Structures are given as C-alpha cells and as structure tokens.
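# Overview (structure and organization)
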Amino acid sequence: MADADELYWVDSDVPVLDGAVLLYHLDGYVDAGSAGELLSEHLTEAFDGPVVARFDVDRLIDYRSRRPTMTWDGDTWVDYDAPELTVRLLHDVDGTPMLLLSGPEPDREWEAFAEAVRRLIERWRVRLAVQFQGIPMAVPHTRTLGVTAHGTRTDLVRQFSPTFNRAQVPGNAEALVEFRLGQAGLDAVGFAAHVPHYLAQSRYPQAALTLIDAVQKASGLTLPDDALRESARRAEVEINRQVSDSDEAADVVRNLEQQYDAFASSENNLLVGGEEIPTGDDLADEFERFLAGESGPENP
C-alpha cells in the first residue's frame, strides 16, 4: 500500500477537534434520488466553513472514465472544472464541530484512501464517522420513507429497525472506509434512505430529509432542515401532479401502496401479496441496474 500520508494535504492550523463528527458522501456509487448529494449540498450551504484537508485527485481519479468539463470560448480554453475531494470544517447550530468529506469516489487506491481517512479521524480525535446515501426501493412516495442503518457496532444503530439480513452488493469506497474503521476499533455508521424506484433518477429532497433525521439521531448534531422541507414540499406537489395526469403511474403507486400497507400491518411476515422480500442478490442486481442507468446516454 502506498503511504497514505502522501494522499492528502492538511491545514496545519486546524486544532484537535475533540468530540467532532465526520460526515461523508462520495459521488459515484448508488445515490438514488441524489439523497446524499442533496444533504451534502445543504450542509455546505447552511454552514460556512473552510477546507481543512484536500486529497490528491490526480492519484485517485480516472479522468477518462469521468471526464471533467472544460469550457471553450471562441478560440481558447477559458475554464476547467477540476474535481475536488475535500474535507470542510463546519459547526452545527449548537457550535459542535463537524467535518464534511465530499467529492468524487476514488477510482483507485481504495485501501490507501481508507487508511488516510482513518489517520485524519485519529488526528482530529473524531468520535463518530457518518456516511449517507439513497438506494432505490419498491416503495410509494405517499408513505413514510424507510432507512437502512449499519455500523461498526450494533449499539450505534440499535434505535433503527433492521431492513435486511445478509446481502452481497457491489463494493464501494465509502463502505470500505466504514469496514476498515470498524477493524481499527473506531465508531462509524451509515444510512441509506429508501427512495421510490420510479424517482431514483430524480432529485428527491424527501430522501435527504430522511437522512438528516437519521444523522441527527445517531450523532447528536443539531442541523437545520427548513430549506430541505420547502424543497420537499414543492417536489411533492409536482410528483402528485404528474401521477394524477397518468393512469399508468397512478396504478403503479396504488399497487405499491397496497404492498407497503400489507407488509407494515403484518407481524413477522416476510411475504407480501405472495411475493418474497428482495434477497441480497436482488438488491445487488437493482444497484447494478441503477448504476448502469446513471452512466447511460439517456436517463428516464
């Protein structure tokens, strides 16, 4: 493994942050409804904070697989949208320090990246790392969204109901970070908001609201959500309008509501309408299809 300390630069003026929480979301893996992206953007806009660490994207990113945008004007290049993978120092409503790691998921050197994150956590004495994203699920938008919680210790997510048992899904750098932190005896949790599969390719602020609630419960942070709630209200109005204009869409939502309500009202029943709850392989296949849709030439 390459020396992880050579993978990032740190602002030497940043003090030890006893009790801080590291929040992180990386672009590139599953993020249905752009839930994680929306929450990351919301936190960046709500709290003004400096970049305190910057990763070497030249080593981590495959530019040919995700080509950055360049702007041509007349007869010359005038701009280059360089990718950035950074850590910002923010403070919540109560003044509690929190760090936000965001940017593109590394294409290479995952082990070195995970080790670098661990070293930063120990350097700043972070007490908890929290990852967040959205995943597509066969649920209706007219019901309360669920969330899948996972962590390096059961006690960290005891207040959240388990969603799945054993499953195998495509690997990602965020999950590897959590896995390696757990092996190092550090506390980390992750949350995946359940996004209606027919809204997976849209920006769905309701899912970001589900994530912000979960993050606050797990971390004790106090985070504002007024802007997200207003965005969610406007999105809900538009979604309901489109559903009401389409008999086919209305039928899909109605069927999902019936399945959801049947499952919610059953006790210890793993069957809904005679169909099995999705297996780990089903989930992996769904993730693969979602990722293929994100990278394809046309998104629904």
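Residue positions are given per chain, counting from 1 as you read along its sequence in written order. Restriction of local features to residues with pLDDT of at least 70 applies here, the model being predicted, together with a cutoff of 80 or more for giving and counting side-chain atom pairs; totals for whole chains, interfaces and linings are based on all residues. To get the side-chain values, take all heavy atoms of the structure and skip hydrogens and water.

Moving on to the overall build of the protein chain. Only DSSP runs of H or I covering at least 4 residues are called helices, and only runs of E covering at least 2 are called strands; the numbering of each starts at the N terminus. Check the secondary structure of the protein chain and you find eight helices and twelve strands. Only protein chains enter the area calculation, which uses a 1.4 Å probe; residues under 20% of their type maximum are buried, those over 50% are exposed, and those in between are partly exposed. Counting across all 300 residues of the protein chain, residues that qualify as buried make up 45%. Considering only intrachain contacts with a sequence separation of at least 6, the fraction spanning at least 24 residues in the protein chain is 81%. Per-residue accessibility takes into account occlusion by the displayed protein chains alone, with areas from the Shrake-Rupley method and a 1.4 Å probe. Total accessible area computed for the protein chain in this model is approximately 15900 Å², and 47% of it derives from carbon and sulfur atoms. What makes two residues a contact is simply this: any of their non-hydrogen atoms within 4.5 Å.

On to the packing of helix 5 (residues 205-219) against helix 6 (residues 226-244), then. Helix axes are fitted to C-alpha atoms over the stretch in contact, other axes to C-alpha atoms as well, and angles between N-to-C directions run from 0 to 180 degrees. Contact geometry for helix 5 and helix 6: axes closest at 8 Å, N-to-C directions at 145°. With respect to the hand of their crossing, helix 5 and helix 6 are arranged in left-handed fashion. Across from Pro205, Gln206, Ala208, Leu209, Ile212 and Asp213 in helix 5, the residues of helix 6 making contact are Leu228, Arg229, Ser231, Ala232, Ala235 and Glu236. By the convention adopted, Pro, Cys, Tyr, Trp, Phe, Met, Ile, Leu, Val and Ala count as nonpolar, Lys, Arg, Asp and Glu as charged, and the other residues, Gly among them, as polar. For the contact of helix 5 with helix 6, a count of residues per class yields seven nonpolar, two polar and three charged. Crossings are sorted by hand: turned counterclockwise from the far helix by less than a right angle, the near helix makes the crossing left-handed, and turned clockwise it makes it right-handed.

Next up on the list: the pairing of strand 10 (residues 188-196). Counting buried residues along strand 10, nine of its nine residues qualify, which places the element largely inside the surrounding structure. Covered by surrounding structure in strand 10 are Ala188, Gly190, Ala192, His194 and Pro196 together with Val189, Phe191, Ala193 and Val195, the residues of both alternating faces. Where strand 8 (residues 128-137) and strand 10 come together, nine bridges link them in parallel fashion. Each bridged residue has a counterpart across the sheet, and for Gln131 the counterpart in strand 10 is Gly190. Pairing between strands is defined by DSSP: at least two bridges between the two strands are required. Sheet topology note: the strand 9 (residues 147-151)/strand 10 ladder contains five bridges and is antiparallel. The partner of Thr148 across the bridge, within strand 10, is Ala192.

A word on the packing of aromatic side chains. Here is the rule: rings of Phe, Tyr and Trp (six-membered ring for Trp) pair when centre to centre is within 6.5 Å. Planes less than 30 degrees apart are stacked, more than 60 are edge-to-face, and the remainder are tilted. Evaluated as defined, the whole model comprises four aromatic pairs. Through a chain of ring-to-ring contacts, the aromatic side chains of Tyr8, Phe55 and Phe113 assemble into a single cluster.

All right, on to the pattern of salt bridges then. Salt bridges are defined by distance alone: a side-chain nitrogen of Lys or Arg within 4 Å of a carboxyl oxygen of Asp or Glu. Inspection of every chain in the model, using the stated rule, returns 23 salt bridges. A salt bridge links Asp107 to Arg66, with the shortest nitrogen-to-oxygen separation between them at 3.1 Å. Within this pair, whereas Asp107 is found in the loop between strand 7 (97-104) and helix 3 (110-124), its partner Arg66 is found in the loop between helix 2 (57-60) and strand 4 (70-73), the two being separated by 41 residues in sequence. Among the ionic contacts, a cluster of salt bridges with common partners joins Asp3, Asp5, Glu115, Arg118, Arg119 and Glu122.

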